[in-house]
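Overview (structure and organization)
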There are 2 protein chains.
Amino acid sequence: MASESTSIPSVAAPLVVGLAGFGTIGSGLARLVAENNDMIRRRVGRDIVIKRVLVRDMHKARAVALPDTAQLTINATDLTDDPEIDALVELIGGIDNARALIERALERGKHIVTANKALLAEEGTALFLKAAQTGRILRYEASVAGAIPIVQTLKESLNGNRIATLMGILNGTSNYILSEMAANSLDFEVALRQAQELGYAEADPTLDIDGHDAAHKLILLIRLAYGVHYPYVALPIRGIRGISYKDIVLAKEFGCTIKLIAQVRECTDESRGRGGVPCLEAGVFPALVRDSYLLAAVSGVYNAVRIEADAAGLLFFHGRGAGALPTAGAVLSDLLAVARNERQNNTGFSDTELPQAGIVPPREWRSCCYARLTVRDRPGVLRDIAGCMAADGISVARMQQKSDDGRGLVPLVFMTHETSAGAMDNVLRRMEDANLLSEPAVCYRVL
Amino acid sequence: MASESTSIPSVAAPLVVGLAGFGTIGSGLARLVAENNDMIRRRVGRDIVIKRVLVRDMHKARAVALPDTAQLTINATDLTDDPEIDALVELIGGIDNARALIERALERGKHIVTANKALLAEEGTALFLKAAQTGRILRYEASVAGAIPIVQTLKESLNGNRIATLMGILNGTSNYILSEMAANSLDFEVALRQAQELGYAEADPTLDIDGHDAAHKLILLIRLAYGVHYPYVALPIRGIRGISYKDIVLAKEFGCTIKLIAQVRECTDESRGRGGVPCLEAGVFPALVRDSYLLAAVSGVYNAVRIEADAAGLLFFHGRGAGALPTAGAVLSDLLAVARNERQNNTGFSDTELPQAGIVPPREWRSCCYARLTVRDRPGVLRDIAGCMAADGISVARMQQKSDDGRGLVPLVFMTHETSAGAMDNVLRRMEDANLLSEPAVCYRVL
């Protein structure tokens, strides 16, 4: 008697995985592999089996049960040196241990899936080279913008395009703090403490709020978009620490929202070309984003990426930048690509070693600028300020003078036409030298 | 003397392409291949060479020059039967000729890249089967949402996810018309004529404004998201023809924007499960979209897709849905995947033949609803209307009574709590039968 079977047979051997790290993302991955097993089998015709899980403490209580198939270990070699393991998922973070683990695994023929943006930003060149030499797959979708498939999009979907500009909100913690400041009229320190209490910011928030996390991610996106190595130490980074609620309100009056932006633009000035290697203007900085951009509407812990490309035109992607399942889903998509033995170039380029990017010096960056000056309320002050602007060739698009703050100090708020960062620096120094400013000037780019 | 060469050597034989169709997209592709040749070579280590271009008229004047490498032909077999051609790009559109062309090319070992949504929606099952039997790549990124890489995202990046809901603005013409109606207080017919004059709508706009184009695309997205065949003829389709400017204004008062939406949701009711095959609620219809959704902010000819998935959470994609270069860029990304010989499953699933989707009957769809009723201004009318609502178990969330239109007719506008489409049908019929309505009721879902 024929029975009506509904289960989908697995046609190939399972992909055997060694999982390094069983924190939020690692346990999310284990849960997802178990819950969506039938979907995975339909997608790739194989199962994913987690065989070994590397942890620091064998006896720690865990919120998520270990998969039935898996055994805990504290020895990295139980993962890297097990001939049955096909792929290593690296979720331990940090630089040195993670690099050693991945290198040893590559040498022993394992494919790699990692979410480690710091490692790939700072030591990526060596790791991609080793992966190319050993002919292994090295994937890292989860390392940038969580659930947004931006790695795959740049590597595959936009690979016939030239990317003119890429700007992203890549750090959920910073975006959460800025959103809360704007929505609830909070000062920076208050919003930061609140984010820490809710677990959206670490006890030591440096990596997030000072822009380093976004900067690591930007280095990865630059590599994917332009096929160049951009040295992390050369990237200008400014975070959101100390942003004033005042500027958030004033920005809104100019039709803008302050966001922490990671941006790269290709300089089209022919004179900069060095043998066809792109010359880039790249950095992480708080900026006023025009409210007509969807990017300005990105709130809370969400991430977003906005791309202008020669063929595609304007593209915008929005999604969760962190969290157990959004990140685990990205790791899983990489594992399924390994299960299909999909051997694209790991960097998205066929060159084994990528050239170093040309770099536009930050003083030469051009944009409109927002500046808030605090001056003493006296006759002629506006003339003196305007004189400094004119002397450095800076043209004002909009200006607001606010009323006296009661201490005889007046805020003057400007939006300039396009100018260079160097000219803005010069004019602010000129004003300081002339003793025109009662408080340090506040200045942001306008995108 | 060593010369400093800056050109990147091609390491493999070129991918030789037969291009069927040299209209907007075809000539855009030729331009892109020529302009971005160095980028293509860096990406895949090969050149793309267009060898033959199939046209209907050899002597037609063309705005874009034919590539140097290419020869025009009016004989399809010059493409399908040329052993030097590796891949066929099908951009002729329509069903029968395109299907014959693709089938013959597959039989002769060519890989296929197509932008033909109608063909893949209506005849996809046979074509995917033939591609699987012949072991060829069949790619179609350009067939849905232009430059938005939604095909690749569903096939790869979200393949470890279960998709709960996917809703898209997939027809730029309809979205342009609705945007213009809202922005400039236009009636439907005026906005349509304007779109036709600007070339955003065809002389015969049926395919776009009656929802068929969006429906074709939805069938493709359903296949990619759920791995099922959803018969095109079974899809409920309602377009934007005859939408009143009145409802656009009233929707705004409820904090909503009217959009033409293509939507699919998986029904999680266990009793509907048929052996693990997803049961889907799918259709194309105008709906009120809450302004808190980014989808409500999509204006003009842009497309967008909003996805809720179990791991990723909420994702949103926005970009150009049509146009020469945005679409050609998507075709080119497919060609580069062919150049890398990337043999994923063409459907995103390992099964050669996909099961047919379970279908939730439209009367059982549940949502909040918007209804505009036109009633005669007399005592007791509100009681009678409310009585009908209560009789069909429909609970009102918000109501507005507008003032008399001068003819003694009053518009009553309701937003209901979640209810079934069937119950809404019943209550509107009940009101008609009781002669309560002076004009036909207008009813939309609220998303």
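Each value, and the rule that gives it
- Residues numbered from 1 in each chain as written.
- Chains lettered and ligands numbered in written order.
- Predicted model: local features only at pLDDT ≥ 70, side-chain atom pairs only at ≥ 80, totals over all residues.
- Heavy atoms only, no water.
- Helix = DSSP H or I, 4+ residues; strand = E, 2+ residues; numbered from the N terminus.
- Buried < 20%, exposed > 50% of the residue type's maximum accessible area, 1.4 Å probe, protein only.
- Lys, Arg positive; Asp, Glu negative; His and termini not counted.
- Salt bridge = Lys/Arg side-chain N within 4 Å of Asp/Glu carboxyl O.
- Polar contact = N/O pair within 3.5 Å; in protein donor to acceptor, adjacent residues only side chain to side chain.
- Contact = heavy atoms within 4.5 Å.
- Buried area = accessible area lost by both parts, 1.4 Å probe.
- UniProt positions renumbered as here; feature names shortened; annotations may be inferred.
- Right-handed = clockwise from strand over helix to strand, strands pointing away.
- Pairing = 2+ DSSP bridges.
- Patch = residues over 30% accessible without salt bridge, like charges linked within 9 Å, V, L, I, M, F, W, Y side chains within 5 Å.
- Areas by Shrake-Rupley, 256 points an atom, 1.4 Å probe, with all protein chains shown as cover.
- Axes fitted to C-alpha atoms, helices over the stretch in contact; angles between N-to-C directions.
- Parallel < 35°, antiparallel > 145°, perpendicular 65-115°, else oblique.
- Nonpolar A, V, L, I, M, F, W, Y, C, P; charged D, E, K, R; others polar.
- Expected span 1.5 Å × (residues − 1).
- Least-squares fit on C-alpha atoms with pLDDT ≥ 70 in both.
- Core = buried A, V, L, I, M, F, W, Y, C linked by side-chain atoms within 4.5 Å.
- Disulfide = S-S within 2.5 Å.
- Phe/Tyr/Trp six-rings, centres within 6.5 Å; stacked < 30°, edge-to-face > 60°.

1. Quick look at the side chain of Lys-259 of chain B
Residue and element names in this part refer to chain B. In this structure, Lys-259 sits in strand β8 (residues 256–266). Of the side chains with opposite charge, Asp-291 lies nearest to the buried Lys-259, which makes no salt bridge, at 8.4 Å. Within the structure, Lys-259 has its side chain in polar contact with the side chain of Asn-175 (distance 3.1 Å). Each residue touching Lys-259, except ones within four places of it in the same chain, is listed here: Ile-169, Asn-175, Leu-178, Ser-179, Phe-285, Pro-286, Ala-287, Val-289, Leu-295, Ala-296, Val-298 and Ser-299.

2. Quick look at the interface of chain A and chain B
Residue-level contacts link 60 residues of chain A with 60 residues of chain B. Per-residue buried area on chain A facing chain B is highest for Arg-42, Arg-43 and Asn-159 of chain A; these three make up 18% of the total on that side. Where chain A touches chain B, the interface holds 6 salt bridges. The interface formed by chain A and chain B includes 33 residue pairs in polar contact (both at pLDDT 80 or more). Going through the elements one at a time, α1 (24–35), α2 (37–44), α6 (150–157), α10 (212–226), β11 (313–320) and α12 (324–339) of chain A are the ones with two or more residues in the side of chain A that touches chain B.

3. Considerations on the UniProt feature "domain: ACT" (unreviewed entry) in chain A
Here the UniProt-annotated "domain: ACT" (unreviewed entry) positions come out as residues 370–445 of chain A. Split by type, residues 370–445 of chain A is 32% helix and 39% strand. Its first and last C-alpha atoms lie 6 Å apart.

4. As for helix α6 (residues 150–157) of chain B
Across the 8 residues of α6 of chain B, 8 count as buried, placing the element largely inside the fold. Taken as a whole, α6 of chain B has its buried residues at Ile-150, Val-151, Gln-152, Thr-153, Leu-154, Lys-155, Glu-156 and Ser-157 of chain B.

5. Quick notes on the pairing of strand β5 (residues 111–114) of chain A
Residues and elements named next belong to chain A. Burial of β5 is two-sided: the residues His-111 and Val-113 facing one way and the residues Ile-112 and Thr-114 facing the other way are all buried. Once you follow strand β4 (residues 87–90) into helix α4 (residues 96–107) and on to β5, the crossover reads as right-handed. Sheet topology note: the β5/strand β6 (residues 138–139) ladder contains 2 bridges and is parallel. When the sheet's bridge partners are listed, Val-113 is paired in β6 with Arg-139. Where the polypeptide runs from β5 across helix α5 (residues 117–134) and back to β6, its parallel neighbour, the crossover connection is right-handed.

6. Quick look at a nonpolar patch on the surface
All names here are of chain A. On the surface, a nonpolar cluster with roughly 200 Å² of combined accessible area is contributed by Leu-382, Val-396 and Met-399. Relative to the elements of secondary structure, Val-396 occurs in strand β14 (residues 396–401). Note on Val-396: relative accessible area 32%, which makes it partly exposed.

7. Some remarks on the packing of α1 of chain A against α2 of chain A
All names here are of chain A. In the contact formed by α1 and α2, the axes pass within 5 Å of each other and the chain directions differ by 75 degrees. Judged by the inter-axis angle, α1 sits roughly perpendicular to α2. Between α1, through Leu-32, Val-33, Ala-34 and Glu-35, and α2, the contact on the second element is made entirely by Asn-37, Asp-38 and Ile-40. Class assignment for the residues of the contact of α1 with α2 results in 4 nonpolar, 1 polar and 2 charged.

8. Details of helix α4 (residues 96–107) of chain B
All names here are of chain B. Between the first and last C-alpha of α4 there are 17 Å, a value that for 12 residues agrees with the 16 Å anticipated at 1.5 Å per step. Inspection of α4 places Ala-98, Leu-101, Ile-102, Glu-103, Ala-105 and Leu-106 among the buried residues, and these make up the whole buried set. Residues of α4 that are buried in the fold lie against β1 (15–20), β2 (48–54), α3 (77–80), β4 (87–90), β5 (111–114) and α5 (117–134). One or two positions beyond α4, positive phi appears at Gly-109, with a value near 85 degrees.

9. Notes on the side chain of Asp-208 of chain A
Residues and elements named next belong to chain A. One can find Asp-208 in helix α9 (residues 206–209). Put simply, Asp-208 is tucked away with no salt bridge, and the nearest opposite charge, on Lys-217, sits 6.2 Å away. Here the side chain of Asp-208 touches Thr-173 through a polar contact of 3.4 Å, side chain to side chain. With near-sequence residues (within four places) excluded, Asp-208 lies in contact with Asn-171, Thr-173, Ser-174, Glu-202, Asp-213 and Leu-260.

10. Topic: the relation of the copies chain A and chain B
When chain A is fitted to chain B, the residual RMSD is 0.0 Å, and the transformation amounts to a turn of 180 degrees plus an axial shift of 0.0 Å. The transformation relating the two chain copies, once decomposed into turn and shift, fits a two-fold axis. Looking at the rotation axis and the C-alpha trace of chain A, the residue lying nearest is Phe-317 of chain A, at 2.4 Å. An overlap of 100% is found between the interface residues of chain A and their copies at the interface of chain B, pointing to a shared contact surface.

11. Some details on the UniProt feature "binding site: L-homoserine" (unreviewed entry) in chain A
Residue and element names in this part refer to chain A. Following the UniProt record, one finds the feature "binding site: L-homoserine" (unreviewed entry) at Glu-202. Along the polypeptide, Glu-202 turns up in the loop between α8 (188–197) and α9. Excluding residues within four positions of it along the chain, Glu-202 makes contact with Gln-196 and Asp-208.

12. Thoughts on unusual backbone geometry
Residues and elements named next belong to chain A. One non-glycine residue with positive phi stands out, namely Ala-145, at about 60 degrees. Within the element layout of this structure, Ala-145 appears in the loop between β6 and α6. Although it is not a glycine, Ser-185 sits at a positive phi angle of roughly 55 degrees. Along the chain, the position of Ser-185 falls in the loop between α7 (172–184) and α8.

13. Side note on the nonpolar core
Counting 166 residues, the largest nonpolar core has Ile-150, Leu-154 and Ile-307 of chain A together with Ile-150, Leu-154 and Ile-307 of chain B as its most contacted members. Look past the residues within four positions of Ile-307 of chain B in its chain and what remains in contact with it is Ile-150, Leu-154, Leu-158, Ile-163, Thr-165, Leu-166, Gly-313, Leu-314, Leu-315 and Phe-317 of chain B. Ranked by size, the runner-up nonpolar core spans 36 residues in total, among them Ile-261 of chain A together with Met-167, Ala-304 and Phe-316 of chain B.

14. Observations concerning the pattern of salt bridges
Evaluation of the coordinates by the stated rule reveals 62 salt bridges over all chains. With a closest N to O distance of 2.9 Å, Arg-241 of chain B and Asp-210 of chain B form a salt bridge. With Arg-241 of chain B in the loop between α10 (212–226) and α11 (245–253) and Asp-210 of chain B in the loop between α9 (206–209) and α10, this residue pair connects regions lying 31 residues apart in the sequence. When its relative accessible area of 18% is taken as the criterion, Asp-210 of chain B is described as buried. Each of Asp-81, Arg-104, Glu-107, Arg-108 and Lys-130 of chain A takes part in one network of salt bridges that share partners.

15. Regarding the state of the cysteines
All names here are of chain A. In total, this model carries 0 disulfides over all chains according to the counting rule given. Unpaired in terms of disulfides, Cys-369 finds its nearest cysteine sulfur in Cys-443, a separation of 4.7 Å. Overall, the relative accessible area of 5% leaves Cys-369 in the buried class.

16. A short note on the sheet that holds strand β3 (residues 71–73) of chain B
Residue and element names in this part refer to chain B. In space, the 6 strands of this open sheet follow the order β3-β2-β1-β4-β5-β6, with parallel pairing throughout. With partners counted over all chains shown, the strands left at the sheet margins are β3 and β6 (138–139), one partner each. Summarising the sheet, β1 and β4 pair through 4 bridges and their orientation is parallel. Bridge pairing links Leu-19 to Val-89 in β4.

17. Considerations on the packing of aromatic side chains
Under the defined criterion, the tally for this structure stands at 12 aromatic pairs over all chains. Centroid distance Tyr-176 of chain B to Tyr-200 of chain B: 4.6 Å. Interplanar angle 65 degrees. Geometry classified as edge-to-face. Linking Tyr-176 of chain B in helix α7 (residues 172–184) with Tyr-200 of chain B in the loop between α8 (188–197) and α9, this pair joins segments that are 24 residues apart in sequence. By relative accessible area, Tyr-176 of chain B is classed as buried at 8%. Geometrically, the ring pair formed by Phe-285 of chain B and Trp-365 of chain B is tilted, given 5.9 Å between the ring centres and 55 degrees between the ring planes. In this pair, Phe-285 of chain B is assigned in strand β9 (residues 279–290) and Trp-365 of chain B in the loop between β12 (358–359) and β13 (366–376), connecting sequence segments 80 residues apart. For the pair formed by Phe-285 of chain B and Trp-365 of chain B, the shared burial category is buried. Three or more aromatic residues joined by ring pairs form one cluster here, namely Phe-254, Tyr-370 and Tyr-444 of chain A.

18. Details of the sheet that holds β6 of chain A
Residues and elements named next belong to chain A. Within the open sheet, the 6 strands sit side by side as β3-β2-β1-β4-β5-β6. Their pairing is parallel. Two strands lie at the open edges of the sheet, namely β3 (71–73) and β6, each paired on one side alone. Here strand β2 (residues 48–54) pairs with β3 via 3 bridges, running parallel. Considered in β3, the bridge of Arg-52 is made with Gln-71.

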